[in-house]
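Structural characterization, general
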Amino acid sequence: MSDLHTPVLSWYAEHARELPWRGPEATPWAVMVSEFMLQQTPVSRVLPVHEAWLTTWPTPAALAAAPSGDAVRAWGRLGYPRRALRLHASAVAITERHGGEVPDSYEELRSLPGVGDYTAAAIASFAFGRAHAVLDTNVRRVLARAVSGTEFPPVSPTRAERDLALSLVPAADPEVWAVAVMELGALVCTAVNPSCERCPIAAQCAWLAAGRPAHTGPPRKAQTYAGTDRMCRGRLLAVLRDADGSVSRASLDAVWPDPVQRERALASLVTDGLVVRRGQRYGLPD
DNA sequence: GAAACGTGGGC
DNA sequence: TGCCCAAGTTT
């Protein structure tokens with residue numbers, strides 16, 4: 001395969017979005033906050049919350065000093081609010097174990113709550129310029145198409161994907177390569193209706209050369225939501241986010257008709273630490 | 001390894 | 001109108 005780096009880097013230099021967590025002015029903490037928020041959530045929805053978050057909590061120590069419930073409330077409607085709890089817990093760990101500084105090694109990052117393989121590699125790369133295979137859904141799709149000739153990557157990351165991604169990490173400016181491939185997947189090599197006519201590596205793309213064959217293999221799992229416990233949890237937590245202090249049982253009962261499912265969802269929220277019971281009332285945690 | 005975990009926008 | 005998707009992690 002001919003070189004992918006030159007065309008991808010040239011394309012990125014011209015078409016990269018200006019995002020507040022990119023560039024020299026972004027602190028490692030700003031990068032870390034963005035990576036938590038961007039897990040399964042689009043950039044457009046993250047932007048305003050990220051800005052407000054950094055204004056309120058400009059450092060890990062600032063967040064660590066706040067009640068975790070404040071983090072859950074500030075998370076707003078980004079979804080998957082356990083991420084807010086884990087980001088808060090990470091801030092506490094950074095304050096206690098790392099002197100308030102976001103650690104710069106993959107291993108130390110990986111040990112923080114809510115930081116998995118992708119996020120550890122992303123923070124180490126984007127915030128500290130470390131060389132890592134940053135394998136997110138965008139990069140996996142780009143490599144699946146360009147190199148493997150398939151429309152979509154496997155359901156979960158494989159050893160072959162990691163080896164391939166690692167083999168492509170350049171010695172010079174590895175963090176630029178990482179963000180450039182990711183950006184290509186986000187803007188051009190999209191999951192639906194990819195813009196191959198605008199793609200800088202169209203000439204090298206195995207999938208395009210094969211005539212863009214449709215995905216074969218197992219159907220990609222559909223996400224059901226309506227009527228699920230997840231939806232119920234979301235409704236219950238929205239009541240608590242929008243309330244000043246604690247709320248009564250009645251105000252929770254009002255947003256979900258099925259009492260069995262409602263009880264189950266509320267109990268799971270308490271188990272997760274997203275909700276605390278205070279006597280006969282409920283609220284966000286301290 | 002499968003399933004759970006929120007929310008909103010695009011086609 | 002629904003279905004699919006979005007910089008994943010945890011159990």
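Everything discussed here concerns the structure shown above.
What you see is a predicted model, and the numbers here were worked out from it, not measured in a lab.

Quick look at the packing of helix α8 (residues 117-128) against helix α11 (residues 174-187)
Close contact between α8 and α11 brings their axes to 8 Å; oriented N to C, the two are set at 125 degrees. Here α8 lies oblique to α11, going by the angle between them. Between α8 and α11, the residues in contact are Tyr-118, Ser-125 and Phe-126 and Pro-174, Glu-175, Ala-178, Val-179 and Met-182, respectively. Taken together, the residues that form the contact of α8 with α11 break down as six nonpolar, one polar and one charged.

Here we look at the protein's contact with DNA strand C
Near DNA strand C there are 30 residues, and of these Gly-114, Gly-116, Thr-119, Asn-138 and Arg-220 occur at the shortest range. Each atom of DNA strand C within 4 Å of the protein was assigned to sugar, phosphate or base; sugar and phosphate come to 64%. Tyr-118 places a polar side-chain atom, nitrogen or oxygen, 3.3 Å from a base nitrogen of DNA strand C. Contacts to DNA strand C include Thr-137, whose backbone N or O atom sits 3.5 Å from a phosphate oxygen. If you list the elements that add at least two residues to the surface near DNA strand C, you get α2 (28-38), α8, α9 (137-148) and α11.

Here's the deal with the protein's contact with DNA strand B
Every one of the 17 residues lining DNA strand B counts as a neighbour, but Arg-45, Arg-77, Tyr-80, Pro-81 and Arg-233 are closest to it. Sugar and phosphate atoms constitute 61% of the interface atoms of DNA strand B, taking the interface as everything within 4 Å of the protein. Leu-78 places a main-chain nitrogen or oxygen 2.9 Å from a base nitrogen of DNA strand B. The contact in question runs from a phosphate oxygen of DNA strand B to an N or O atom on the backbone of Pro-81, over 3.4 Å. Put simply, the parts of the chain that give the surface near DNA strand B at least two residues each are α6 (82-97) and α13 (229-242). Looking at the surface near DNA strand B element by element, the count peaks at five residues for α13. In terms of residue class, the surface near DNA strand B is built from four nonpolar, five polar and eight charged.

Let's talk about the environment of Arg-22
Within the secondary structure, Arg-22 is located in the loop between α1 (5-15) and α2. For the pair Arg-22 and Phe-126, spaced 104 residues apart in sequence, the C-alpha separation works out to 7.8 Å. Not counting residues up to four positions away in its chain, the partners in contact with Arg-22 are Tyr-12, Ala-16, Arg-17, Val-179 and Glu-183. Looking at Arg-22, its side chain comes within polar contact range of the side chain of Glu-183, at 2.7 Å.

Some words on the environment of Glu-197
For Glu-197, the position within the fold is in the loop between α11 and α12 (206-209). Judged by its relative accessible area of 64%, Glu-197 falls in the exposed class. For Glu-197 and Ile-123, which are 74 residues apart along the polypeptide, the C-alpha to C-alpha distance reads 32 Å.

Some details on the sheet that holds strand β2 (residues 276-278)
Strand order in the open sheet formed by three strands is β1-β3-β2, with antiparallel pairing between adjacent strands. Looking at which strands have only one partner, the edges of the open sheet turn out to be β1 (247-248) and β2. When β1 meets strand β3 (residues 281-283), the two strands line up antiparallel, connected through two bridges. Its bridge partner being in β3, Ser-248 is matched across the sheet by Arg-281.

A short note on the packing of aromatic side chains
Here the structure, examined in full by the defined rule, presents two aromatic pairs. Relative to Trp-57, the ring of Trp-53 lies with its centre 4.8 Å away and its plane at 70 degrees, an arrangement referred to as edge-to-face. Residue Trp-53 is classed as buried on the basis of its relative accessible area of 1%. Taking the relative accessible area as the measure of exposure, Trp-57 reaches 7% and is therefore buried. With a centroid separation of 5.7 Å and an interplanar angle of 80 degrees, the aromatic rings of Trp-53 and Trp-75 are classed as edge-to-face. You can see Trp-53 sitting in helix α3 (residues 43-56) and its partner Trp-75 sitting in helix α5 (residues 68-75), a full 22 residues away along the chain. For Trp-75, a relative accessible area of 0% gives the class buried.

Quick word on helix α15 (residues 259-272)
The terminal C-alpha atoms of α15 lie 20 Å apart, and with 14 residues this matches the ideal 20 Å at 1.5 Å per residue to within 8%. When we look at burial in α15, the residues that qualify are Gln-261, Arg-262, Ala-265, Leu-266 and Leu-269. Relative to the axis of α15, the buried residues are bounded by an arc of 130 degrees and lie together on one face. Turned more than 90 degrees away from the buried face of α15 sit Val-260 and Thr-271, all of them exposed. On its buried side, α15 packs onto α13, α14 (249-253) and β3. Two or three places before Val-260, at the opening of α15, Asp-258 has a side-chain oxygen 2.9 Å from that residue's backbone nitrogen. Just past α15, the residue Gly-273 takes up positive phi, approximately 85 degrees.

Here is what the cut-offs are and how they apply
- Residues numbered from 1 in each chain as written.
- Chains lettered and ligands numbered in written order.
- Predicted model: local features only at pLDDT ≥ 70, side-chain atom pairs only at ≥ 80, totals over all residues.
- Heavy atoms only, no water.
- Axes fitted to C-alpha atoms, helices over the stretch in contact; angles between N-to-C directions.
- Helix = DSSP H or I, 4+ residues; strand = E, 2+ residues; numbered from the N terminus.
- Parallel < 35°, antiparallel > 145°, perpendicular 65-115°, else oblique.
- Contact = heavy atoms within 4.5 Å.
- Nonpolar A, V, L, I, M, F, W, Y, C, P; charged D, E, K, R; others polar.
- Near = heavy atom within 4 Å.
- Polar contact = N/O pair within 3.5 Å; in protein donor to acceptor, adjacent residues only side chain to side chain.
- Buried < 20%, exposed > 50% of the residue type's maximum accessible area, 1.4 Å probe, protein only.
- Pairing = 2+ DSSP bridges.
- Phe/Tyr/Trp six-rings, centres within 6.5 Å; stacked < 30°, edge-to-face > 60°.
- Expected span 1.5 Å × (residues − 1).
- Arc of directions from axis to C-beta.

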